[in-house]
Amino acid sequence: MSTVTSRRLLNIVSLAGLGISIWFTIYCFHLGVFKNTAALQGLVSHAEFFGPLLFIGLQIVQVVIPIIPGGVSLAAGVLIFGPVEGFVYNYIGIVLGSLVAFALGRRFGTPLIHHLISQKTYDRYIGRITNQNRFTKLFALAIFLPVAPDDVLCLLAGLTKMSFKTFTLIILLGKPASILAYSYVLVYGGTFLAHLI
């Protein structure tokens, strides 16, 4: 499969995921989930064991292939499973997904990365990996902040000389802050808007 074809396919999948996310948000709004999260938690209560596993699996895939917007899946975790369990499942899924992205970048290199991210995005960040010391510091900061394209940076980190141990440590320590920020701003922002409406 050519790079152009794979990029088109991923764009279609991402657009479909965005459409499903919008539909799911509207559906949850009509259920009153943003005013009463017990309504959504009731939907998944019958899947006590498989629900968390499925969600963690989705988060792992989401890091490597953007099926749905990352912020949406983080907020969904908190809404579905509650603030504590939602954070734990988000954390496990994102950490494992980040490790997978790093391992894929290291194993398959630039050819795979070209299939997963656009040339424009690749060109924007590839120049930053030449200075290993500087990239490691930049990467650690980006993982800590909730606004950086950390999924792309995890793939690109696989092209550097960063050790798996250093990468894992940065992910384990840096991810909680960004996961909390994304999850709770989106959830409580949605709840606030729902009360206004």
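Higher on the page you've got the structure.
Since we're looking at a predicted model, the values are computed, not measured.

(A) Geometry of the overall build of the protein chain. When you go through the protein chain residue by residue, the secondary structure sums to nine helices and zero strands. The order of helices and strands in the protein chain, counted from the N terminus, is α-α-α-α-α-α-α-α-α. Sorting the 197 residues of the protein chain into buried and exposed places 40% on the buried side. Looking at the protein chain alone, contacts between residues at least 24 apart form 77% of all its contacts between residues at least 6 apart. Carbon together with sulfur atoms contributes 72% to the accessible area of the protein chain, which is approximately 10800 Å² in total.

(B) Region of the structure containing the nonpolar core. Phe135, Phe139, Cys154, Leu156, Phe167 and Ile171 are the most contacted members of the largest nonpolar core, which has 30 residues in total. Within the residue set of this core, elements represented by two or more residues are α3 (50–64), α5 (83–116), α6 (119–126), α7 (132–144), α8 (150–157) and α9 (164–196). It is α5 that contributes the most residues to this core, seven residues altogether. Discounting chain neighbours no more than four positions away, the residues touching phenylalanine 167 are Ser98, Leu99, Phe102, Phe139, Cys154, Ala157 and Met162. Counting six residues, the second largest nonpolar core, distinct from the first, contains Phe55, Ile56, Ile80 and Tyr89.

(C) Structural context of a nonpolar patch on the surface. Where nonpolar side chains cluster on the molecular surface, the patch consists of Val84, Val88, Ile92 and Leu96 and spans about 310 Å² of accessible area. Following the sequence through the fold, isoleucine 92 ends up in helix α5.

(D) How the structure looks around the packing of aromatic side chains. For the structure shown, the criterion picks out seven aromatic pairs. Geometrically, the ring pair formed by phenylalanine 55 and phenylalanine 81 is edge-to-face, given 5.5 Å between the ring centres and 65° between the ring planes. Taken together, the positions of phenylalanine 55 in helix α3 and phenylalanine 81 in helix α4 (residues 70–81) put the pair 26 residues apart, joining distant regions of the chain. Measuring from ring centre to ring centre gives 5.9 Å for phenylalanine 135 and phenylalanine 139, while their planes differ by 25°; the resulting arrangement is stacked. Of the two residues, phenylalanine 135 and phenylalanine 139 both sit in helix α7, four residues apart, roughly one turn of that helix. Across this residue pair, the class does not change: phenylalanine 135 and phenylalanine 139 are buried. Following the ring pairs from residue to residue traces out a cluster consisting of Phe102, Phe135, Phe139, Phe164 and Phe167. Taking NZ or CZ as reference, arginine 107 lies 5.0 Å from the ring centre of phenylalanine 108, over its face.

Calculation rules
Residues numbered from 1 in each chain as written. Predicted model: local features only at pLDDT ≥ 70, side-chain atom pairs only at ≥ 80, totals over all residues. Heavy atoms only, no water. Helix = DSSP H or I, 4+ residues; strand = E, 2+ residues; numbered from the N terminus. Buried < 20%, exposed > 50% of the residue type's maximum accessible area, 1.4 Å probe, protein only. Contact = heavy atoms within 4.5 Å. Areas by Shrake-Rupley, 256 points an atom, 1.4 Å probe, with all protein chains shown as cover. Core = buried A, V, L, I, M, F, W, Y, C linked by side-chain atoms within 4.5 Å. Patch = residues over 30% accessible without salt bridge, like charges linked within 9 Å, V, L, I, M, F, W, Y side chains within 5 Å. Salt bridge = Lys/Arg side-chain N within 4 Å of Asp/Glu carboxyl O. Phe/Tyr/Trp six-rings, centres within 6.5 Å; stacked < 30°, edge-to-face > 60°. Lys NZ or Arg CZ within 6 Å of the ring centre and 35° of its normal.

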